[in-house]
Each structure stands twice: as C-alpha cells, then as structure tokens.
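Working through the structure, step by step
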Amino acid sequence: MRFGSSAFFKNIIFTTFILVASAGNRQGALMAQGFMGFHSDNYSGVHSLQWNPALLVDNRLAFQMNLSSSHFTVTNNYIGINAPSFLGDIEGAVNNSNFVDDFLVERLNGKEKSGLVRANYTLPLSFMVSFGKKKKQSLGFYSAIRSHASIDGFDEDLARMVYNELSIDELLNQSIVSQNISIDAGAWEEYGLSYGRQVFDNGKHFISSAATLKITRGRSAAYLYSDNLDVTFPSDSMISITNSDIRFGYADLFSNIDAFEPGAGFQNVSSFFQNGVSVGMDLGFVYEWRPNIDDYRYTLDGDTSYFRPDRNKYKLRLGVSIMDIGNTRYSRSDYLQGNGGLESIYADAPNVLIDDFAVAINRFQNDGLDGLSDSLSSIYVVTDGGSETFTMTLPFRINAFADYALGKNFYTNFSMSIAPAFRKNPEKSRDISEFSLTPRYENHWFGFYLPVSINTNGNAHLGAGMRLGPLVVGTNDFTPLFRETTYDANFYAALNIPIRKRLRDKDRDHVSNSVDECRRVPG
C-alpha cells in the first residue's frame, strides 16, 4: 500500500524535472547568481546583463559576442546526498536497489521544506558594444532559454510522511497543515535589448544606469498551489485532505506525455505557437568612487580630459538592480478549458484510499497531465473551470553588490540577490535569496574567483571560477567533492569573443593612432 504514496511523490518531482529539462534539450543544452564571481568581473560583458545591466557602462570591453553559455543550479533544504560516494561510483549508485538508504539523508530541523532547479542557456550571437564619444554609452542584446522549477512551503511532517511512504506511526491521525504550499515549473524564451549610459561624472564620483526591455515567450509551465493544505493520514493506506482550496494549471504542451518512455517527446506542440509574447524589464544602477581619478588621466591629442579606457578607475563600486519585472503567458491545456477540467478545486474528502491516488498516477503515466487532472476532478469538487491562458510571474529579484579594489588587479566583492517569495501568488516562479563574498583577480586575459556564499536554504558553499581568454568555467560550490553530505549542485560555462578597450596611442607619445604618422616610434 505504501508504494502508491511513494510513486505519487516521485512523479510530482519527475514532472517538474521534465518541465525544466525539456526546454534545454530542445536547444541541445541545458538567474540569481548563476555566474557567481564572474558576474562582478569587469570583463563579463554581455553576461552582466542578467545580473545588473548598468555594468555594461564603462567596463573594459569594447565589444563581446557570446558563442555559447549555460548555467545550472539545483538546491533544497531537505534531502542531501553523499556526493563523494555517489561520484566515486556513479553507475553503481544509480543501479543500487537500496539507493535511498545508502546515499540519501534527511535534514530534520522543524522548518518548511523547499527545493529549486533552474537552468539558463544563452544563445549564440548575444552581444554588447560600447559606443559614442569616449564610449560613454553601451548597447547589449541577448537571447536565452530559461527554465525554472520549485517546490515550496512543504510542512516538514508532510515531507517526512511522503518521503518515508507513510511509515512514521507517530504522524498517523495527525492534522498536518502546509500554508502557501506550491509546486511550479516553467520554461520560456527571452529576448533582451539593453541600453546604458553614464549619467553623472565629476571625476571622483561616477554614476551609470541602464535598462533592459525584454520579450518573453512561454514554452511550457505547470503549477499547483494551496494557501492552506490540511492533510491527515488515518493509516498507511488512506489520506484525508479537508477544507483545502487548490489551484492547478499547466500549458497545453504537457497535456499528453509518456513520462516513463526514454526519449519521449511531446504529443501536442500546438501551444508553443499559441503562447503569446509578454513584456518584461530589468533596471540597473552603478555608483563608483574614484578618489585617485587623476592617476588615469592621459593627455591625448591635446585633450587633457581624456581618461584611459583600459583601466578600472574605482576604489569602491556599488550597484543595485531590479530584475525580472513582468510575467510570461501560457496557453492553458485544452482539457482544462473545455472538459470540466480544474483551475481550482475544493478538497474535503476524508479517508480516500491511496489506491485511488494510484489510479491518478497510472493515468498520468498513460495520459500525461490531462489524465492526472481528470482523476483529481473525480475525487474532489471542481470550483472553477479552466480559462484559456494563465501567466507565470518571472522570478523577480533585487540584486545589490559592493566591489572594492584591494590593489593592482585584486578585488573583493560582496553580493546579495534577494528574491521575495510573494507566497500568496499561486502563479509565481519562486527563487531563493543568496549572499556571497568573493575575492577576485582579473586582468584583460585572465580572471580567477573564489566565492564563499550562503542561501536561504541554509546551505553554505565554497566555489571557484576562472576566465581564460574567451573561456569561462566555474561552480558556485566544489565542496561536494569532499563534503559528506550536500544539498546543492551548480555549474556554469561560457565561450565568448571578447575585444577589450585599448589606449589609442601605440607608441605612448600622446598622439592618437588615427593621426600619428609614426605609430611605432614616439615623437
């Protein structure tokens, strides 16, 4: 009897994983601090757009084009894995019939349980360019496939019962209430056009700002939400959900999938063309304190107000950005629209057999989410039929940083990414907040980062990243290689074509190359 509950939980997780992974796979590859360490590099170029668009202005690049870049993050505060043992014999671990007991560990601390998977693939030909007199303006464009899935608000006792297949006797016949519990997943295309410029400069104080106008197009999404889910397990074969309102929806693209056939594709792709476009925005501001600005002054062609474009001039740089303002629209499943399907149900059914949920699971395996939806509507009361479309708000966040120049080419950076939960919004892409401190070395062809960070799941990390010419690779956390238990994984990589800014005086005779008759010999 316990198999049914376990399978039900595993299929919820598997569904969210499918939603995330499928978008990346259709492009042949897989935003908080995805490029932790690298995002504060003065040579990050177009990759800074998804952290703070104002970093485009007065960076050290004249032009940069992305050839390929991606980052992937998974984090949770409940189930840990013995990473050294798993990585030491991956094939043996995967085929281990006792995998859960041998490799997984529960974190029990009385707190609500949550998890997050996010992936971002920035498409080739995304670029940034500095232009205008003295390069005071910058323009950037990027296109990306973004995927995001989260589970939030699970009461610890509910998570324990589901994970342990209803085998915890002391939790039987106990009312377990999860407030603002949610499961959401979404994948969308994103196209952003950014413009930034210097807005104030009196020498020692410099301010720049930038904005990104972006178009989003939904690919696939699903969500389940309840503001007050009241669950009781009368026995290991029954479940009671009482006095609970549940919101539920998914895009038509996922109406029919065979979730357990290797390489299975989508049987209905019409919603990809039905999903409309939505508009979003990012805003960014940067302040620089330049107490030694005169050290970078360079007289060129008699102009004494010229400053070297190839040098960082600040001692302290502060920035704030408001990211992912807006939403993405999806076409709701035809089933939810026209066949008495559910957008909202009222659950007040005591002593439902787990076997009845097993039927719903089998319908999901055979008929996709339409089958699961049909089974749930036969158990509970439908209070609102499905509308034609629904919107998922983007994973809104506020980023802030302080970057301090320690000495030649050495810096330290403190960054935070605050992601308000908006827990009463059922159609919200939820993220986590992160805080990091990163020592950094950078020059025009090499950068190295060593971020120390913690997130609101309570997980601490030590990462490392490197930029070597056009190549960038790194991770927010390499401690799973030797730490006994880990709850997170992260990786990022990028390949670019960078063209750095240069002093336009090859022989350093204070005559610019464009008018110098002997560029290699001073005078």
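Residue positions within a chain follow its written sequence, with the count starting from 1. Per-residue local features are limited, in this predicted model, to residues with pLDDT of at least 70; the limit for side-chain atom pairs, both in listing and counting, is 80 or more; totals at the level of whole chains, interfaces and linings are taken over all residues. Note: side-chain values were computed over all heavy atoms of the structure, leaving out hydrogens and water.

1. A word on helix 5 (residues 156–163)
Here is the rule we go by: Three labels apply to residues, based on accessible area from a 1.4 Å probe with only protein chains included: buried if under 20% of the type maximum, exposed if over 50%, partly exposed otherwise in between. Segments assigned H or I by DSSP are reported as helices when at least four residues long, segments assigned E as strands when at least two residues long, and all are numbered from the N terminus.
The buried count for helix 5 comes to seven of eight residues, which makes it a mostly enclosed element. Taken together, the buried positions of helix 5 are E156, L158, A159, R160, M161, V162 and Y163. Two residues or fewer past helix 5, E165 is found with a positive phi of approximately 55 degrees.

2. What about the pattern of salt bridges?
What counts here: Note on definitions: salt bridges are taken to be side-chain nitrogens of Lys or Arg within 4 Å of carboxyl oxygens of Asp or Glu.
Counting across every chain of the model gives 21 salt bridges. Where R290 meets D58, a salt bridge forms, and the shortest distance between an N and an O atom there is 2.6 Å. Placement of the pair is R290 in the loop between strand 10 (277–289) and strand 11 (316–325) and D58 in the loop between helix 1 (2–25) and strand 1 (61–76), with a sequence separation of 232 residues. Grouping residues by exposure puts R290 and D58 together as buried. Linking R430 and D184 is a salt bridge whose minimum nitrogen-to-oxygen distance equals 3.9 Å. You can see R430 sitting in the loop between strand 17 (410–418) and strand 18 (434–442) and its partner D184 sitting in strand 7 (residues 176–201), a full 246 residues away along the chain. Of the two residues examined, R430 and D184, each falls in the buried class. A network of salt bridges, in which partner residues are shared, links R146, E190, K214, D282, D324 and R397.

3. Brief notes about the confidence of the model for the protein chain
Condition: Values of pLDDT, which run from 0 to 100, indicate the predictor's confidence residue by residue. In this analysis, two residues are considered to be in contact whenever any of their non-hydrogen atoms come within 4.5 Å of each other.
Looking at the protein chain, the pLDDT average stands at 83 and 81% of residues meet or exceed 70. Across residues 1–32 the pLDDT falls below 50, and counting only partners more than four positions away or on other chains, this stretch makes 79 contacts in the model. Here residues 257–272 scores under 50 on pLDDT; set against residues more than four positions off or in separate chains, the count is 31 contacts.

4. Observations concerning the nonpolar core
Worth spelling out the cut-off: Here, nonpolar core refers to any group of buried Ala, Val, Leu, Ile, Met, Phe, Trp, Tyr and Cys residues whose side-chain atoms link them within 4.5 Å.
One finds L158, M161, L229, V231, F233, I239 and I241 to be the most contacted residues of the largest nonpolar core, which totals 24 residues. For this core, the secondary-structure elements that each account for two or more residues are strand 6 (137–154), helix 5, strand 7, strand 8 (205–235), strand 9 (238–250) and strand 13 (342–353). Among the elements that line this core, the one with the most residues is strand 13, at four residues.

5. Thoughts on the side chain of R60
On the secondary structure map, R60 appears in the loop between helix 1 and strand 1. A relative accessible area of 3% places R60 in the buried class. Sequence-distant contacts of R60, defined by excluding residues within four places in its chain, comprise N42, Y43, P309, D310, R311, N312, K313, R500 and K501.

6. Description of unusual backbone geometry
Phi at E165 takes a positive value of approximately 55 degrees, unusual for a residue other than glycine. The exposure class of E165 is partly exposed, given its relative accessible area of 29%. Its identity is not glycine, yet N243 carries a phi of approximately 50 degrees, on the positive side. Structurally, N243 can be placed in strand 9. N243 sits in the exposed class, given a relative accessible area of 52%.

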